[in-house]
Amino acid sequence: AQSVTQPDIHITVSEGASLELRCNYSYGATPYLFWYVQSPGQGLQLLLKYFSGDTLVQGIKGFEAEFKRSQSSFNLRKPSVHWSDAAEYFCAVGSPGGYQKVTFGTGTKLQVIP
Amino acid sequence: EAGVAQSPRYKIIEKRQSVAFWCNPISGHATLYWYQQILGQGPKLLIQFQNNGVVDDSQLPKDRFSAERLKGVDSTLKIQPAKLEDSAVYLCASSLVTTEYGYTFGSGTRLTVV
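Remember, predicted model here, so these are calculated numbers, not experimental data.

*Asks:* Please explain the overall build of chain A as it appears in this structure.
*Replies:* The secondary structure content of chain A amounts to zero helices and twelve strands. Ordered by position from the N terminus, the helices and strands of chain A form the series β-β-β-β-β-β-β-β-β-β-β-β. A globule of 114 residues ought to have a C-alpha radius of gyration of about 13 Å, and chain A, at 14 Å, matches this closely. Projected onto its principal axes, the C-alpha coordinates of chain A cover approximately 45 × 30 × 20 Å. Taking as baseline every contact in chain A between residues at least 6 positions apart, the subset at least 24 positions apart corresponds to 55%. Accessible surface, chain A: about 5,400 Å² in total, of which carbon and sulfur atoms supply 50%. Charged side chains in chain A number 9 positive and 8 negative. The centres of these two groups are separated by 7 Å.

*Asks:* Explanation requested: the sheet that holds strand E7 (residues 65–68) of chain B in the structure shown.
*Replies:* Consider a sheet: its strands pair through backbone hydrogen bonds, and that pairing is either parallel or antiparallel. All names here are of chain B. Across the sheet, four strands lie side by side as E1-E3-E8-E7; this open sheet has antiparallel pairing. The sheet is open, and its two borders are formed by strand E1 (5–7) and E7, each paired with just one other strand. Strand-to-strand twist of the sheet, defined as the mean angle between neighbouring strand axes without regard to direction, takes the value 15°.

*Asks:* Explain the state of the cysteines to me, please; I cannot follow it from the model alone.
*Replies:* Such a bond, covalent and formed between the sulfur atoms of two cysteines, is termed a disulfide. Residue and element names in this part refer to chain A. Under the counting rule described, the total for this entry stands at two disulfides over all chains. Two residues share a disulfide in this structure: Cys23 and Cys91, whose sulfurs sit 2.0 Å from each other. Disulfide Cys23-Cys91: the torsion about the S-S bond is -65°, which places it as left-handed. Taken as a pair, Cys23 in the loop between strand E3 (19–21) and strand E4 (24–26) and Cys91 in strand E10 (residues 87–94) lie far apart in primary sequence, 68 residues in all. Note on accessibility: Cys23 and Cys91 belong to one class, buried.

*Asks:* How do you make sense of the interface of chain B and chain A when you look at a structure like this?
*Replies:* A common way to state how big an interface is: give the accessible area lost once the parts meet. At the interface, 25 residues of chain B touch 19 residues of chain A. Buried area between chain B and chain A, both sides added, is near 1,800 Å², and the carbon and sulfur share of it is 54%. Where chain B packs against chain A, one counts zero salt bridges. On inspection of chain B and its partner chain A, the count reaches three residue pairs in polar contact (both at pLDDT 80 or more).

*Asks:* Whenever I open this one, the layout of surface pockets confuses me. Can you help?
*Replies:* Taken as a whole, the largest pocket holds about 530 Å³ of empty space. Residue lining of the largest pocket: 26 residues in total, with Gln38 and Glu88 of chain A together with Gln37, Leu39 and Arg110 of chain B positioned closest to the centre. At the level of elements, E10 of chain A together with strand E9 (88–95) and strand E11 (109–113) of chain B are the ones that each hand at least two residues to the lining of the largest pocket. Ranked by the residues each element gives to the lining of the largest pocket, the list is headed by E9 of chain B, at three residues.

Reading the values: rules and limits
Residues numbered from 1 in each chain as written. Chains lettered and ligands numbered in written order. Predicted model: local features only at pLDDT ≥ 70, side-chain atom pairs only at ≥ 80, totals over all residues. Heavy atoms only, no water. Helix = DSSP H or I, 4+ residues; strand = E, 2+ residues; numbered from the N terminus. Rg over C-alpha atoms; globule rule 2.2 N^0.38 Å. Contact = heavy atoms within 4.5 Å. Areas by Shrake-Rupley, 256 points an atom, 1.4 Å probe, with all protein chains shown as cover. Lys, Arg positive; Asp, Glu negative; His and termini not counted. Charge placed at Lys NZ, Arg CZ, Asp CG, Glu CD. Pairing = 2+ DSSP bridges. Axes fitted to C-alpha atoms, helices over the stretch in contact; angles between N-to-C directions. Disulfide = S-S within 2.5 Å. Buried < 20%, exposed > 50% of the residue type's maximum accessible area, 1.4 Å probe, protein only. Buried area = accessible area lost by both parts, 1.4 Å probe. Salt bridge = Lys/Arg side-chain N within 4 Å of Asp/Glu carboxyl O. Polar contact = N/O pair within 3.5 Å; in protein donor to acceptor, adjacent residues only side chain to side chain. 1 Å grid on protein atoms, 1.4 Å probe; cavity = no way out; pocket = protein on both sides within 12 Å on 5 of 7 lines; lining within 4 Å. Points joined across faces, edges and corners; volume = space filled by probe spheres on them.

Next comes the structure, spelled out in structure tokens:
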């Protein structure tokens, strides 16, 4: 069965600092991978996705993520964090083919301090 | 394009009462999902529809939860009778037939069972 682990429940960074959120997945082949962001009281918004090709993926709001097959990881990065980036971030893994099932991690809550 | 519409936004009920949530997906999206998101956790898939057929309901507590998508467009999720542990945000999402483009989520319905 596919699964996702986000080891950091809560992260605090200073505005302007760089950010890396960790995500490890478990899946037998190359999965579809996603990062979503959820602001308080809102639904989830897709930041970026990977399903093939270049392992460095660019997303919206200046985010990027790198797929590393050898480490079963898909970490999310941003070079300079803005106060508006404070939110909860979810990594998700999907199974290609057929009726795809997407499984979400437990999320990492990002706090940005001035 | 219009997003995924959900109603109501908030609902407070007493345990053992019944409640229903409504979702209207993005036009043309064949696949519709209901997720349950308990506070502090990632979204958990309850049921997945492909047009008006159920693809996956393995995590739906069928003794109290039911869902339908009669005409392959909008959907209703019902809980009867509700328990305290059903307090959560219920998220509806839709996607094209395949998920490599990710889901589009609605804003969710926050249910509080007292």
